Amino acid sequence: MREILDPAAAWVAEARQFALAVLVSAQASSPRELGAAMIVDADGVVFGNVSAGCVDGDVHALCLQAIETGESARVRYGISDEAAFEAGLSCGGVIDVLVLPVLPGTPAATAIADLHAAILRREPCALGIVTAGAGRGALVLARESADAETDLHVMIGSGIRAALTADLARLRTDEHALTLRYGTDVDPLEVLGLPFPHAPRLIIIGAVEFSVALSRLGAASGFDVTVCDPRDAFAAPARFPDAHEVVHEWPHDYLARTPIDARTAICVLTHDPRFDVPALTIALRSPAGYVGAMGSRRTHDDRARRLREAGVTDAETERLRSPIGLALGGRTPEETALSILAEIVMVRSGGRGGALRDTTGPVHPALSTPDVPRSQPGAEEGIACAPGAGTVVPR
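Here's a quick rundown of the structure. Everything quoted here is computed from the prediction, not taken from an experiment.

## Here's the deal with the sheet that holds strand β5 (residues 94-102)
Step number 1: Reading across the sheet, the five strands line up as β3-β2-β1-β5-β4 and stay open at both edges, with antiparallel pairing between neighbours. Looking at which strands have only one partner, the edges of the open sheet turn out to be β3 (46-48) and β4 (73-78). When strand polarity is set aside, the average angle formed by the axes of neighbouring strands in this sheet is 20°.
Step number 2: When β4 meets β5, the two strands line up antiparallel, connected through six bridges. Residue pairing for β5: A73 is matched across the bridge by V99.

If you want it as structure tokens, here you go:
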């Protein structure tokens, strides 16, 4: 959903009428992840997709209908549904799409504007979309600073409302969407919770031409990019227009003071011993989810020796991805940047990096569903939650 927020927020600011379509449930194969979204205005202008194109034409028509009627609709598409198959879902899965109108001055419009503003502030937040039950189509935003005002509070009990608020607050820093169910099996309230943690960071050490390409590709992939190099002539901001920041500082000093967490990738793309060993010493001891360094195998062996001399343990050195990147065979800066970013994605997602045609099973394996403790807030009213492809853990 993140990819449609810029135009959606612009439409809200223009007081434009539009509809929001969201993939809220998926079974078996699905070309998009939960939360994939499309927006359509009254003139038919569209941004985003809820599928790989197979049902988007039909959803487009439903969006125009929602703008006219002002009512939400939940529609199922699947291979077993002849009419839906005619709409084009040939991948073999079953998906549910929720279409809801976003009209000027409504709580939905306010929630979208507030979500967009929070993301620009790098404030972790979570958006709840009511997909079934009372208030279907309502949007509930949980931020660090405040909760969005919606009309949902007049439709549900205080206990469920408190449980939903608490669950969305916990979801703010998560990675995966959750389907939440509250109330009884007879009349449940179902909510799709979409996390919007702060954007992942990509810290590039060394202002070389490979860094220019990686900065551009990383920013296009949703990373907040920092380029760090003490040499002003090389680390000119004009050379890195896509970077969030360009830092003129010794890399090890910068890494020692900047926030680093599991969503941070650190790439050392210089061969200068003054830069790489001190920087890697800090990076390998940090909670960064990815640490990589460019160089040949001979360079790697020499660097590993110097890291050991600097006191870096074998276990810490084992974290280092070097030579950096996947073996794609490319040579240009852009091709090399692609191989680096591909490895970062592989490490973050737990992938294997092989060709899909040489593997079996689903292209996107379903996420595991852990047991949900009954002691969660709201358990007395029937709350349950589970991550993954549209699953709900029943009480």
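Let us keep going from here.
## Description of helix α8 (residues 273-284)
Step number 1: Between its first and last C-alpha, α8 extends 16 Å over 12 residues, near the 16 Å set by a 1.5 Å rise per residue.
Step number 2: Turning to α8, its buried residues are F275, D276, V277, A279, L280, T281, A283 and L284.
Step number 3: Buried-residue contacts for α8 involve α7 (251-257), β13 (264-268), β14 (290-293), α9 (297-309) and α10 (314-317).

## A few points about the environment of R161
Step number 1: For R161, the position within the fold is in helix α5 (residues 158-171).
Step number 2: In this structure R161 comes out as partly exposed when scored by relative accessible area, which is 33%.
Step number 3: Residues R161 and Y182, 21 residues apart in the sequence, show an inter-C-alpha distance of 9.4 Å.

## Concerning the pattern of salt bridges
Step number 1: A complete count under the given rule lists 24 salt bridges for this structure.
Step number 2: As a salt-bridge pair, R170 and D167 come within 2.2 Å of each other at their nearest N and O atoms. Of the two residues, R170 and D167 are both situated in helix α5; the distance of three residues between them amounts to about one turn of the helix.
Step number 3: Using a relative accessible area of 6% as the deciding quantity, one classes D167 as buried.
Step number 4: Of the charged contacts in the structure, one is a salt bridge between D272 and R274, with a shortest N-O distance of 2.7 Å.
Step number 5: Of the residues examined, R274 reaches a relative accessible area of 49% and is grouped as partly exposed.

## What about the packing of helix α1 (residues 5-13) against helix α4 (residues 107-120)?
A pair of packed helices is captured by two measures, namely the crossing angle of their axes and the spacing between those axes.
Step number 1: At a closest axis distance of 9 Å, the pairing of α1 and α4 adopts a crossing angle of 130°. The angle between α1 and α4 places the two elements in the oblique class. For α1 against α4, the interelement crossing comes out left-handed. Contacts from L5, D6, A8, A9 and V12 of α1 reach α4 at A109, I112, A113, L115, H116 and I119.

## As for helix α6 (residues 209-220)
Step number 1: In a regular helix each residue adds 1.5 Å, so 12 residues correspond to 16 Å; α6 covers 17 Å between its end C-alpha atoms and thus fits that length.
Step number 2: Among the residues making up α6, those that are buried are S211, V212, A213, L214, S215 and G218.
Step number 3: Where α6 is buried, its residues contact β10 (201-205), β11 (224-228), β13 and α11 (333-349).
Step number 4: Backbone geometry just after α6 places G222 at a positive phi near 100°.

Definitions and limits used
- Residues numbered from 1 in each chain as written.
- Predicted model: local features only at pLDDT ≥ 70, side-chain atom pairs only at ≥ 80, totals over all residues.
- Heavy atoms only, no water.
- Pairing = 2+ DSSP bridges.
- Helix = DSSP H or I, 4+ residues; strand = E, 2+ residues; numbered from the N terminus.
- Axes fitted to C-alpha atoms, helices over the stretch in contact; angles between N-to-C directions.
- Expected span 1.5 Å × (residues − 1).
- Buried < 20%, exposed > 50% of the residue type's maximum accessible area, 1.4 Å probe, protein only.
- Contact = heavy atoms within 4.5 Å.
- Salt bridge = Lys/Arg side-chain N within 4 Å of Asp/Glu carboxyl O.
- Parallel < 35°, antiparallel > 145°, perpendicular 65-115°, else oblique.
- Left-handed = near helix turned anticlockwise from the far one by under 90°.

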